[in-house]
Amino acid sequence: MRCPYCGSLDDKVIESRTLGAGESIRRRRECNSCGYRFTSYERIEEKPLMVVKRDGRRQPFDRNKLEKGISRALEKRPISTTTTENLVAEIEDEALIMGKVSREVTTAQLGELVLDKLYAIDKVAYIRFASVYRHFENLDEFVNEVHKLETDKFLKK
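Computed from a predicted model, the values in this text were never measured in an experiment. (Residues numbered from 1 in each chain as written. Predicted model: local features only at pLDDT ≥ 70, side-chain atom pairs only at ≥ 80, totals over all residues. Heavy atoms only, no water.)

A. Looking closely at helix H1 (residues 63–73). Among all positions of H1, only Leu66, Ile70 and Ala73 are buried. The buried residues of H1 occupy an angular sector of 55° when the element is viewed end-on, so they sit on one face. Facing away from the buried side of H1 by more than 90 degrees, the exposed set consists of Asn64, Lys68 and Arg72. Residues of H1 that are buried sit in contact with helix H2 (81–98), helix H3 (107–121) and helix H4 (123–133). With a side-chain oxygen positioned 3.0 Å from the backbone nitrogen of Asn64, the residue opening H1 is Asp62. (Buried < 20%, exposed > 50% of the residue type's maximum accessible area, 1.4 Å probe, protein only. Helix = DSSP H or I, 4+ residues; strand = E, 2+ residues; numbered from the N terminus. Arc of directions from axis to C-beta. Contact = heavy atoms within 4.5 Å. Polar contact = N/O pair within 3.5 Å; in protein donor to acceptor, adjacent residues only side chain to side chain.)

B. Inspection of H4 at higher detail. All buried positions along H4 are accounted for by Ala125, Tyr126, Ile127, Phe129, Ala130 and Tyr133. The N-cap of H4, judged by a side-chain oxygen 3.2 Å from the amide nitrogen of Val124 a few residues on, is Asp122.

C. Up close: the environment of Tyr36. In this structure, Tyr36 sits in the loop between strand E2 (24–31) and strand E3 (37–43). Along the sequence, Tyr36 and Gly56 sit 20 residues apart, while their C-alpha atoms lie 52 Å from each other. Other than its neighbours up to four places away in sequence, Tyr36 contacts Cys3, Pro4, Tyr5, Arg29, Glu30 and Cys31.

Geometry only, nothing functional implied.
Shown next as structure tokens:
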């Protein structure tokens, strides 16, 4: 590591600490030439998870975009922000597992993950998200989705 003070490449590590649940390492170093102490960080460089859109375009996974969509569905519902944050984290984790090999996940896979999680938490939020995600064209499609919810409710009793 090059010393930021004198430019020498001769240094020694004085102390190492793991940060962020093992995702990075902080190292305190000392230059052997001038004695200047400085800090360096090591992180694993991963390829970003890409989301494959319906038209074939690819864009990096955006946690904020996912959180925004879920928050809109849960708007004015009795769901805590902690629950929402946990929901987003669960979906992100599952998406990363799905795309582990190819580093890609489709919007259809993401949408179904969100719908499954919302269905378990809040049926109104589920319907809200489904109406946007599934592009309901008319009232009949919306009513059919509500009837599915009612049928599932009676089947579980």
